Amino acid sequence: MKALKRLIIFLSLICLMFSSSYAEQRVFIAPEESRLDNSKELMHIYVLDLIGADCMLIRYKDNNMLVDLGKSNQFYALNALLQNQNIKEVSVFNSHPHKDHIGGIFDLIDNYKVTKFYTGFPEFVEDSPVQAKALRKLSDHNIPIQTVHDGDSISFDEDISMKVLQNGDIKNTNEKSAMLHITYGEAKLLLTGDISWNSQGFFAQKYGKELDSDIMKAPHHARENLRPQFLSSVTPEFVFITNSTKGTKDMKHTLKKNHIPFLYARKGIIHIATDGTTWYVEQLGKTEE
């Protein structure tokens, strides 16, 4: 397919492999061989190749959820992915209403059926002028808006648990990002929005090892470093970064120091799949504008 050519990038990640034994390893990264059990239903995550913006698609059976929507001028990438996957209907989880996470909502509503919009920000956010317009657009199209709070569960599929984690008592919009902890069988994924140093400490203290995840999205586009307590609570085997390499030096250093493999989404769409036990990660070709 023209816009999303399947070109697996052979990554030189050998030096970053874990010290744990082969039997303990859950995450396998191309060009390693996939250990997925294809007789089981697979959950897929697609991370769009955007600069400094978040947009991820979660697919399981006939269920499709977008986690954040990128900027308004990046909708071409989301549109290409949805067309490639032959998706007509989606729900949306918005971590927080900054334009690089919600900007695509207007074109999405105009071109696809949006079944529900989940947000941890039902109130007006001063530093997000796009939020009020987005909520009006959703209301005008009679799209249900569901407010979520720390500890809430989201209904996606009976096989998959989605738990909202949010530092709701803080004012800073990034720090108040609603995270999403996803569990399918033994496989766990943590989507961190734009939380930074303060909220990393909050979650590490409140949830501790409940944050444990095989794969994690680097918080705030890897513009800030990982707090040691947060990293030791999550203990990821793989981290993906929704950014280019610019401004991510500290995060990159921390991940290398802890022998954690990582990929930059800007270098090509990241496809992640799991059978509920192990994960397989590959990087596809870049979206053509």
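Use the structure listed above.
The rules we used
- Residues numbered from 1 in each chain as written.
- Predicted model: local features only at pLDDT ≥ 70, side-chain atom pairs only at ≥ 80, totals over all residues.
- Heavy atoms only, no water.
- Helix = DSSP H or I, 4+ residues; strand = E, 2+ residues; numbered from the N terminus.
- Rg over C-alpha atoms; globule rule 2.2 N^0.38 Å.
- Buried < 20%, exposed > 50% of the residue type's maximum accessible area, 1.4 Å probe, protein only.
- Contact = heavy atoms within 4.5 Å.
- Lys, Arg positive; Asp, Glu negative; His and termini not counted.
- Salt bridge = Lys/Arg side-chain N within 4 Å of Asp/Glu carboxyl O.
- Polar contact = N/O pair within 3.5 Å; in protein donor to acceptor, adjacent residues only side chain to side chain.
- Pairing = 2+ DSSP bridges.
- Axes fitted to C-alpha atoms, helices over the stretch in contact; angles between N-to-C directions.
- 1 Å grid on protein atoms, 1.4 Å probe; cavity = no way out; pocket = protein on both sides within 12 Å on 5 of 7 lines; lining within 4 Å.
- Points joined across faces, edges and corners; volume = space filled by probe spheres on them.
- Nonpolar A, V, L, I, M, F, W, Y, C, P; charged D, E, K, R; others polar.
- Core = buried A, V, L, I, M, F, W, Y, C linked by side-chain atoms within 4.5 Å.
- Phe/Tyr/Trp six-rings, centres within 6.5 Å; stacked < 30°, edge-to-face > 60°.

Novice: Sorry if this is basic, but what is going on with the overall build of the protein here?
Specialist: Counting secondary structure elements, the protein contains seven helices and 15 strands. For 289 residues, the compact-globule estimate of 2.2 N^0.38 gives 19 Å, and the C-alpha radius of gyration of the protein, at 18 Å, lies within 12% of that figure. Each of the three principal axes of the protein carries a C-alpha extent, and together these read 55 × 45 × 40 Å. Within the protein, the proportion of its 289 residues that are buried is 58%. Taking all contacts inside the protein whose residues are at least 6 apart in sequence as the whole, residues at least 24 apart take part in 64%.

Novice: Teacher, can you tell me more about the environment of Gly104 here?
Specialist: Relative to the assigned elements, Gly104 resides in the loop between α2 (99–102) and α3 (105–111). Sequence separation between Gly104 and Asn73 is 31 residues; the distance between their C-alpha atoms is 7.6 Å. In this structure Gly104 touches Leu69, Gly70, Lys71, Ser72 and Phe75, once residues within four positions along its chain are discounted.

Novice: How should the side chain of Asp100 be read in this particular structure?
Specialist: Positionally, Asp100 belongs in helix α2. Of the buried charged residues, Asp100 lacks a salt bridge, with Arg223 as the closest side chain of opposite charge at 4.9 Å. Here the side chain of Asp100 touches His221 through a polar contact of 3.1 Å, side chain to side chain. Beyond its immediate chain neighbours, meaning those up to four positions away, Asp100 contacts Gly52, Ala53, Asp54, Gly70, Lys71, Asp194 and His221.

Novice: I keep staring at the sheet that holds strand β2 (residues 43–47) and nothing clicks. Help me out?
Specialist: Strands pair in a sheet through their backbones, by hydrogen bonds, and they do so in one of two ways: parallel or antiparallel. The strand order across the open sheet formed by nine strands is β1-β15-β14-β2-β3-β4-β5-β6-β7, and the pairing between neighbours is mixed. This sheet does not close on itself; its edge strands, each paired only once, are β1 (27–29) and β7 (145–147). Taking each pair of neighbouring strands and ignoring which way they run, the sheet shows an average axis angle of 20°. Sheet topology note: the β2/strand β14 (residues 270–274) ladder contains five bridges and is antiparallel. Counterpart to Ile45 in the pairing with β14 is Ile272.

Novice: Just to check I follow, could you spell out the pairing of strand β9 (residues 179–184) for this structure?
Specialist: Across the six residues that make up β9, a large majority, six, are buried. Along β9, one buried face is formed by Met179, His181 and Thr183 and the opposite face, lined by Leu180, Ile182 and Tyr184, is buried too. Sheet topology note: the β9/strand β10 (residues 187–191) ladder contains five bridges and is antiparallel. Bridge pairing in β10 links His181 to Leu190.

Novice: Even after reading the chapter, I still don't get empty space enclosed by the protein, so can you show me in this structure?
Specialist: The method is simple in principle: a probe with the dimensions of a water molecule rolls over the atoms, and the space it marks as empty is what remains. One pass over the full model with this rule turns up one cavity of 30 Å³ or more. As a volume, the largest cavity reaches approximately 40 Å³. Looking at the largest cavity, the residues that line it are Asp54, Met56, Val67, Asp68, Phe93, Ser95, Ala178, Leu180, Leu191, Thr192, Gly193 and Lys217. Residues belonging to the lining of the largest cavity are distributed by class as follows: six nonpolar, three polar and three charged.

Novice: Would you take a moment to explain the layout of surface pockets for this structure?
Specialist: There is about 170 Å³ of room inside the second largest pocket. Lining the second largest pocket, in full, are Asp62, Asn63, Asn64, Met65, Glu89, Val90, Ser91, Thr115, Tyr118, Ser155 and Phe156. Looking at the lining of the second largest pocket, the elements with two or more residues in it are β4 (63–69), β5 (89–94) and β6 (113–119). Considering only residue class, the lining of the second largest pocket consists of four nonpolar, five polar and two charged.

Novice: Can you walk me through the nonpolar core in this structure?
Specialist: The nonpolar side chains of a soluble globular protein tend to be buried with one another. Within the largest apolar cluster, 34 residues are counted, with the highest numbers of intra-cluster contacts made by Phe93, Leu180, Phe240 and Ile272. Discounting chain neighbours no more than four positions away, the residues touching Ile272 are Met43, His44, Ile45, Val47, Ile215, Phe238, Phe240, Trp279, Tyr280 and Val281.

Novice: Whenever I open this one, the packing of aromatic side chains confuses me. Can you help?
Specialist: Where two aromatic rings form a pair, the distance of their centres and the angle of their planes describe that pair. As enumerated under the stated definition, the model contains four aromatic pairs in all. Measuring from ring centre to ring centre gives 5.1 Å for Phe202 and Phe203, while their planes differ by 75°; the resulting arrangement is edge-to-face. Looking at Phe203, the relative accessible area reads 0%, which means it is buried. An aromatic cluster is defined as three or more aromatic residues linked by ring pairs; in this entry it consists of Phe202, Phe203 and Tyr207.

Novice: When you look at the sheet that holds strand β13 (residues 262–264) in this model, what are you seeing that I'm missing?
Specialist: In spatial order, the strands read β8-β9-β10-β11-β12-β13; together these six strands make up an open sheet with mixed pairing. The open sheet has two edge strands with one neighbour each: β8 (160–165) and β13. Neighbour to neighbour, the strand axes of the sheet diverge by 15° on average, direction disregarded. Along the sheet, helix α7 (residues 249–257) contacts β12 (238–241) and β13; its crossing angle with β13, the most-contacted strand, is approximately 155°.

Novice: What is the right way to read the pattern of salt bridges from this model?
Specialist: Using the criterion set out here, one finds nine salt bridges in the structure. Where Lys61 meets Asp159, a salt bridge forms, and the shortest distance between an N and an O atom there is 3.1 Å. Taken together, the residues Lys61 in the loop between β3 (55–60) and β4 and Asp159 in the loop between β7 and β8 connect sequence positions 98 residues apart. Its relative accessible area of 39% is what places Lys61 among the partly exposed residues.

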